[in-house]
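Below, each chain spelled out in residue letters.
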Amino acid sequence: MLHRFISQEPFELENGIVLPSLEIAYHTYGEKNVDGTNVVWVCHALTANAEVMAWWPGVVDDAAAIDPAKHFIVCANILGSCYGSSGPLSNDPHTGEPYYADFPQVTIRDMVKAHILLRKHLEIDSIALCMGGSMGGYQAIEWALMEPEIIGRIFLIATSATESAWGIAIHEAQRLAIEADGSWKEKHPSAGAKGLKAARAIGMLTYRNYTAMVRQQQDMDSEKIDNYRAASYISYQGDKLVKRFNAQSYWLLTKSMDSHHIARRRGGDVVKVLQAITQPTLIIGITSDLLCPLEEQQRMAASIPGATFIGIDSMYGHDGFLVEWKQVSQHLAEWMVRS
C-alpha cells in the first residue's frame, strides 16, 4: 500500500540548508512480525519509485527471495525525486508554489537521513536486511554506516563505495544535455523535457553495452541509409522517461550520486571505512556492467570483513541487476539461508 509521511519538523541537509518540512512517499508489503525481525528495506535507484514489486519483480515478489508472505518490505521514494517525496515538484511552504529548479541540492546521506526519519515514524527498531542496486546500493551502504546497530545485513548489487570519476563524467554529460534545453529552469513540470530525453539517451548507452545493443538492435537490412533500429530504440527510451519523470529531479539526483563517498567526514580512507562494516554483506556484480564495473564490487568485497561476492555473467550490462532477476533472487535467497 502506498503511504505518505509528512514531518513538520525542520530537516537540515548536509549542505546546511534547512527544509521547513518533509514529505516521504513510501510503499509497504506484507506484515511486520511480533518481534520485528522480518523487516526488509529496499532502496531504489535513480528514476525508480516506492513500488518495488513493480520494478523488481522476481526479486521482491510472491515466492521470491524477498517475499511479502514472509517479510515486511518497505521502499521509500528518495528525497529529490518526483514520485511523492519532497523534491522539485513539491510545494515550498514559504511561497506556496512548487520549488522546481530552486529545490536545494541533496546528498545520498540526506536521503538516508530521510529514510531514518521514516523508520522511526514506522516504529521499526531493526532492519533485518537493507538492500539496493546502483544508486539504491549507495543508500544501503551509507545507511549501514550511519546506523550499524539497526541494519542487520546488507545486499548490494551493481554499486560502489564512492562515485567514480567515470560516473561523475557521465552525469555531467547528462546535465549538460538538460541545461542545453533553454526551458529547463522554467516553473512547470514539463520544463527541460527535450534535455531530459537527451540525458536519458546518454544514460542508456551506459546501462547496456556493445554486445546487448548489437544483438538486440542491429539492422539486418543492408540497403538502409536512415531510420535505424538502434536510433529508434534510443529515441523511444528517451520519450518513455519524459512521460514519467521530471528534468529538474533528474538533474538534481545526478548531483546526489556525484556526492556519494562513504569516507567523507570519516577520515577519507575508503578501505578503512569498509573494514568497519560488521554486518554480513552480499555483493553481486554484473560482468558486462560499464557504469559500475565488476572491479568496484570486488574492491568492496575484499575490504568488508566476511563479505560474500558473486559475479553474474550477463550481456545486459548495468541493467543486468534488474533483467537477471532469476539469478539475483536465487543467489540472494541462498545467501540469506547461510548468513
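Residues numbered from 1 in each chain as written. Predicted model: local features only at pLDDT ≥ 70, side-chain atom pairs only at ≥ 80, totals over all residues. Heavy atoms only, no water.

**Q** Before we move on, can you summarise helix 2 (residues 108-121) with the specific residues and values?
**A** Turn by turn, an α-helix covers 3.6 residues, leaving residues three or four places apart pointing in a common direction. Taking 1.5 Å as the rise per residue, helix 2 with 14 residues should run 20 Å; its terminal C-alpha atoms sit 20 Å apart, in good agreement. Within helix 2, 10 of the 14 residues are buried, which leaves it mostly tucked inside the rest of the structure. Buried residues of helix 2: Ile-108, Arg-109, Asp-110, Met-111, Val-112, Ala-114, His-115, Ile-116, Leu-118 and Arg-119, and no others. Phi for Glu-123, located one or two positions after helix 2, is positive at around 60 degrees. (Helix = DSSP H or I, 4+ residues; strand = E, 2+ residues; numbered from the N terminus. Expected span 1.5 Å × (residues − 1). Buried < 20%, exposed > 50% of the residue type's maximum accessible area, 1.4 Å probe, protein only.)

**Q** Give me the lowdown on the packing of helix 2 against helix 3 (residues 135-146), citing residues and values where you can.
**A** Two elements in contact, helix 2 and helix 3, have axes whose closest approach is 9 Å; the angle formed by their N-to-C orientations is 65 degrees. Compared by their axis directions, helix 2 and helix 3 come out roughly perpendicular. Of the two elements, helix 2 crosses helix 3, and the hand of that crossing is right-handed. Of the residues in helix 3, those touching helix 2 at Ile-108, Arg-109, Met-111, Val-112, Lys-113, His-115, Ile-116 and Arg-119 are Met-135, Tyr-138, Gln-139, Glu-142, Trp-143 and Met-146. Each residue belonging to the contact of helix 2 with helix 3 can be placed in one class, and the counts come to 8 nonpolar, 2 polar and 4 charged. (Axes fitted to C-alpha atoms, helices over the stretch in contact; angles between N-to-C directions. Parallel < 35°, antiparallel > 145°, perpendicular 65-115°, else oblique. Left-handed = near helix turned anticlockwise from the far one by under 90°. Contact = heavy atoms within 4.5 Å. Nonpolar A, V, L, I, M, F, W, Y, C, P; charged D, E, K, R; others polar.)

**Q** So, the nonpolar core: which residues are in play, and what are the values?
**A** In this structure, Trp-41, Leu-79, Ile-127, Met-135, Trp-143 and Tyr-250 are the most contacted members of the largest nonpolar core, which totals 74 residues. The leading source of residues in this core is helix 3, at 7 residues. When neighbours within four sequence positions are excluded, Tyr-250 is seen to be in contact with Leu-46, Thr-47, Gln-174, Ile-178, Leu-196, Ala-199, Arg-200, Tyr-207, Leu-241 and Phe-245. One finds Val-60, Cys-75, Leu-129 and Ile-310 within the second-largest nonpolar core, a separate group that totals 28 residues. (Core = buried A, V, L, I, M, F, W, Y, C linked by side-chain atoms within 4.5 Å.)

**Q** Help me get a handle on the side chain of Ser-7, residues and values and all.
**A** Take Ser-7: it is sitting in strand 1 (residues 2-7). Within the structure, Ser-7 has its side chain in polar contact with the backbone nitrogen of Glu-9 (distance 3.3 Å). Once residues lying within four places of it in the same chain are set aside, the contact partners of Ser-7 are Ser-21, Leu-22 and Leu-117. (Polar contact = N/O pair within 3.5 Å; in protein donor to acceptor, adjacent residues only side chain to side chain.)

**Q** Tell me about helix 8 (residues 247-258), and please be specific about residues and values.
**A** Along its 12 residues, helix 8 runs 17 Å from first to last C-alpha, staying within 8% of the 16 Å computed at 1.5 Å per residue. Most of helix 8 is tucked away, with 11 of its 12 residues classed as buried. Of all the residues in helix 8, the buried ones are Ala-247, Gln-248, Ser-249, Tyr-250, Trp-251, Leu-252, Leu-253, Thr-254, Ser-256, Met-257 and Asp-258. Buried positions along helix 8 lie against helix 2, helix 3, helix 4 (165-179), helix 5 (193-207) and helix 7 (229-242). Measuring from the side-chain oxygen of the N-cap residue of helix 8 to the backbone nitrogen of Gln-248 gives 3.0 Å; that N-cap residue is Asn-246.

No statement about biological role is implied by the geometric values presented.
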